[in-house]
Amino acid sequence: MFHVLVSDSISSDGLAPLLNDENINVVQKKVSEVDDLEKYDALLVRSATKVTEELLQKMTNLKIVARAGVGVDNIDVEAATKYGVVVINAPDGNTISTAEHTFAMMASLVRHIPQANVSVKSGEWNRSAFLGTELYGKSLGIIGLGRIGSEIAKRAKAFGMNVLVFDPFLTKDRAQKLGVNSCKLDEVLAQADIITVHTPLTKETRGLLGKENIGKTKKGVYLLNCARGGIIDEEALIHYLEIGHVKGVALDVFEVEPPVNRKLLDFEQVIATPHLGASTKEAQLNVASQVAEEVLKFLNGKPVTNSINLPTLTKDIFDKIQPFYKLAKKLGQLASQYMKEPVQHIGIVYEGTVAELETSFITKAFLAGFLGERVDSTVNEVNAGLMAKERGISFSEKIASNGSGYANCIAVQVDGDHRTFSVKATYIPNYGERIVDLNGFDIDFYPAGEVLYVEHIDKPGVIGRVGKVLGDHGVNIATMQVGRKNIGGEAIMVLTCDKLIDDQLIEALVQFDDIVSAKTIHL
Ligand SMILES: NC(=O)C1=CN([C@@H]2O[C@H](COP(=O)(O)OP(=O)(O)OC[C@H]3O[C@@H](n4cnc5c(N)ncnc54)[C@H](O)[C@@H]3O)[C@@H](O)[C@H]2O)C=CC1
Ligand SMILES: O=C(O)C(=O)COP(=O)(O)O
């Protein structure tokens, strides 16, 4: 049974896939009202719940946080990554609703609709007080041309507006397709009659429209923020409203929600809504069903599509990657057990068909397998990269065109304080995983179970001695492979055994002159 906590108001219709699953227990309560936080596997939120490191520490069984919406600035993604918790969102379920809300705010702003509404309802009929401005022919500055910004651009063009865009990640091609003018930020600021922001809230965008940049705008400019409080600095806004530089402002979001800055709201020319961008029946159903289906897939061990801290994999790609993912995890376990010493660097080279897949995910699987053998805390592919860095282990991955001769090959080199370990492996469909090279020795074995790895001199009788020692200790040999570089030179033996190999057996083996070392590895 999985336990899912839904801590913000999320559409019940959208949650149906979770609510109707008999293996899932869904609790709909605020985090502050729950006293057994440690039992939940999944947490579903909107923007109200703050998923802090402190909360994550209390939710010791948590595996996934799902944001039924876009912005994840209320989630400490870095801390979630550290604790191995996957963070997903519903990136496009509320795009249209937010774009429409922004447009409604823009029209309301330039035609004074909220103020006129209050006036008429209070018994006035003051037509001259509400002289407006047309949108037609005006320049609209859009800062951030992602999903929402693009939908606004399309609507602005339909209204006959000239669209100026600042987005450092906007390609010429895309700008051309959307029929917008890609500009520098200063050009947008200097030329736009109306400016609307549609970026996420990040270190770079916090205060993007602050004292300096608002000062670069046209006198009489209109500003809108239906993205995140803080992208427009509220104190700077107050200053430019007071001196009459900014003509009007529409805000759906605030630095603190609900807003505490009464001074800003008291301006007649500031209109506001309580973070309603995504609040439509359609958007709420969309985002709730998107995250519910994703969480269900995740809890059933399937890939998720919209992860913030994991590579995004479709089912098709996941199916292709899965054998390599499993193999890489085993290689990580193998390398870690072989190397029982501090490691500085792990280099992974992908060749053939595996090189065409999302290799960063496979690398993380290797690291998870490797670190899982050495750290107490839960390590998985979400936090493996971060944990490796924290432990001073650097890692790199490369794609090589060919070399091994196999249809696919994962080659790993682990550099330790005193020695280096290398392994090459391949996956053969309908046959399985094979280790094909260990420390430069040609070999061919299926990596599973109890493995005995022996380094020895290639001499007659050594194999027989090893077999006898195992027999004397009651250990049955399942498979046995030998590899050597030259006749009579260094050689290795890899045996898979049906029983755990104890220290006494290892000691008995290394007493022979021709046996250099013997190790057990459990896969
Ligand atoms: N008011 C509301 O209810 C809602 C608010 N939002 C907010 O709107 C934001 C945008 O949503 P989407 O369009 O879906 O996201 P998106 O990720 O599709 O688009 C964001 C765009 O901002 C651009 N960008 C990033 N840093 C920038 C910078 N420093 N300067 C200029 N552009 C920059 C990116 O290149 C990207 O094109 C979300 O992050 C969220 O905070 C989203 C949905 C509802
Ligand atoms: O999706 C977003 O980023 C939003 O801002 C919507 O927030 P909400 O889910 O309405 O609290």
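Predicted model only: the values in this text are computed from it and were never measured.

Draft legend 1. How the structure looks around the overall build of the protein. The helix and strand tally for the protein stands at 17 helices and 22 strands. Taken against the 2.2 N^0.38 rule, which gives 24 Å for 523 residues, the C-alpha radius of gyration of the protein at 31 Å runs more than 25% over that of a compact globule. Along the three orthogonal principal directions, the C-alpha set of the protein runs to about 110 × 50 × 40 Å. When burial is assessed residue by residue, the protein has 51% of its 523 residues classed as buried. The contacts in the protein between residues at least 6 apart in sequence include a share of 64% that link residues at least 24 apart. In the structure as shown, the protein presents an accessible area of about 24,800 Å², 51% of it carried by carbon and sulfur atoms. With 55 positive and 66 negative side-chain charges, the protein shows a separation of 5 Å between the mean positions of the two kinds.

Draft legend 2. The site of ligand 1, seen in detail. What surrounds ligand 1 is a group of 25 residues, the closest being Arg 147, Ile 148, Asp 167, Phe 169 and Asp 252. At 3.0 Å, a backbone N or O of Cys 226 approaches a nitrogen atom of ligand 1. Ala 278 is positioned such that a nitrogen or oxygen atom in its backbone is 3.3 Å from an oxygen atom of ligand 1. Protein chains bury 87% of the 860 Å² of accessible surface belonging to ligand 1 in isolation. Class assignment for the residues of the shell around ligand 1 results in 12 nonpolar, 9 polar and 4 charged.

Draft legend 3. Summary view of the environment of Thr 95. Secondary-structure assignment places Thr 95 in helix H4 (residues 95-111). In the structure, Thr 95 is positioned 146 residues away from Leu 241 in sequence and 30 Å away in space, judged by C-alpha atoms. With near-sequence residues (within four places) excluded, Thr 95 lies in contact with Arg 147, Ile 148 and Glu 151. From its side chain, Thr 95 meets the backbone oxygen of Asp 92 in a polar contact 3.3 Å long.

Draft legend 4. Layout of the sheet that holds strand S19 (residues 450-457). The 4 strands are arranged S20-S21-S19-S22 in an open sheet whose pairing can be described as antiparallel. Each edge of the open sheet is held by one strand with a lone partner, namely strand S20 (477-484) and strand S22 (515-522). Neighbour-to-neighbour, the strand axes of this sheet turn through a mean angle of 15°, independent of strand direction. Across 7 bridges, S19 lies against S22 in antiparallel orientation. Counterpart to Tyr 453 in the pairing with S22 is Lys 519.

Draft legend 5. Structural view of a nonpolar patch on the surface. There is a patch of nonpolar side chains on the surface, built from Ile 463, Met 480 and Val 482 and spanning about 230 Å² of accessible area. With respect to the element layout, Ile 463 can be found in helix H16 (residues 462-472). According to the relative accessible area criterion, Ile 463 is partly exposed, its value standing at 41%.

Draft legend 6. The arrangement of the domain arrangement of the protein in detail. Taken domain by domain, the protein holds domain 1 (1-91 + 280-309), domain 2 (95-272), domain 3 (311-447) and domain 4 (449-523). The straight-line distance from the C-alpha centre of domain 2 to that of domain 3 is 49 Å.

Draft legend 7. Inspection of unusual backbone geometry at higher detail. Residue Pro 258 is reached from Glu 257 by a cis peptide bond, and omega for that bond is -5°. Mapped onto the elements of the fold, Pro 258 is located in the loop between strand S11 (246-251) and helix H11 (262-265). Despite not being glycine, Asn 430 shows a phi value in the positive range, around 65°. With respect to the helices and strands, Asn 430 occurs in the loop between strand S16 (420-428) and strand S17 (432-438).

Draft legend 8. Structural detail: the packing of aromatic side chains. Per the counting criterion, the structure on display carries 6 aromatic pairs. Their ring planes at 55° and their centres at 5.0 Å tell us that Phe 103 and Phe 159 sit as a pair that is tilted. Taken together, the residues span a long stretch of sequence, with Phe 103 in helix H4 and Phe 159 in the loop between helix H6 (147-158) and strand S7 (162-166) at a distance of 56 residues. The class of Phe 103 is buried, set by a relative accessible area of 8%. When the centroid spacing of 5.8 Å and the interplanar angle of 75° are considered together, the rings of Phe 324 and Tyr 427 count as edge-to-face. On the criterion of sequence distance, the pair formed by Phe 324 in helix H13 (residues 315-338) and Tyr 427 in strand S16 is long-range, its members being 103 residues apart. Taking the relative accessible area as the measure of exposure, Phe 324 reaches 6% and is therefore buried.

Draft legend 9. Looking closely at the site of ligand 2. Taken together, Arg 46, Ser 47, Arg 67, Ala 68, Gly 69, Val 70, Gly 71, Asn 94, Arg 228, His 275 and Ala 278 make up the full set of residues near ligand 2. Asn 94 places a side-chain nitrogen or oxygen 2.9 Å from an oxygen atom of ligand 2. Within the side chain of Arg 228, an N or O atom sits 2.8 Å from an oxygen atom of ligand 2. Coverage of ligand 2 by the protein chains reaches 89% of its 320 Å² of free accessible surface. Tallied by class, residues from the shell around ligand 2 come to 3 nonpolar, 5 polar and 3 charged.

Conventions we followed
- Residues numbered from 1 in each chain as written.
- Chains lettered and ligands numbered in written order.
- Predicted model: local features only at pLDDT ≥ 70, side-chain atom pairs only at ≥ 80, totals over all residues.
- Heavy atoms only, no water.
- Helix = DSSP H or I, 4+ residues; strand = E, 2+ residues; numbered from the N terminus.
- Rg over C-alpha atoms; globule rule 2.2 N^0.38 Å.
- Buried < 20%, exposed > 50% of the residue type's maximum accessible area, 1.4 Å probe, protein only.
- Contact = heavy atoms within 4.5 Å.
- Areas by Shrake-Rupley, 256 points an atom, 1.4 Å probe, with all protein chains shown as cover.
- Lys, Arg positive; Asp, Glu negative; His and termini not counted.
- Charge placed at Lys NZ, Arg CZ, Asp CG, Glu CD.
- Near = heavy atom within 4 Å.
- Polar contact = N/O pair within 3.5 Å; in protein donor to acceptor, adjacent residues only side chain to side chain.
- Nonpolar A, V, L, I, M, F, W, Y, C, P; charged D, E, K, R; others polar.
- Pairing = 2+ DSSP bridges.
- Axes fitted to C-alpha atoms, helices over the stretch in contact; angles between N-to-C directions.
- Patch = residues over 30% accessible without salt bridge, like charges linked within 9 Å, V, L, I, M, F, W, Y side chains within 5 Å.
- Salt bridge = Lys/Arg side-chain N within 4 Å of Asp/Glu carboxyl O.
- Domains from an automatic or database assignment.
- Phe/Tyr/Trp six-rings, centres within 6.5 Å; stacked < 30°, edge-to-face > 60°.

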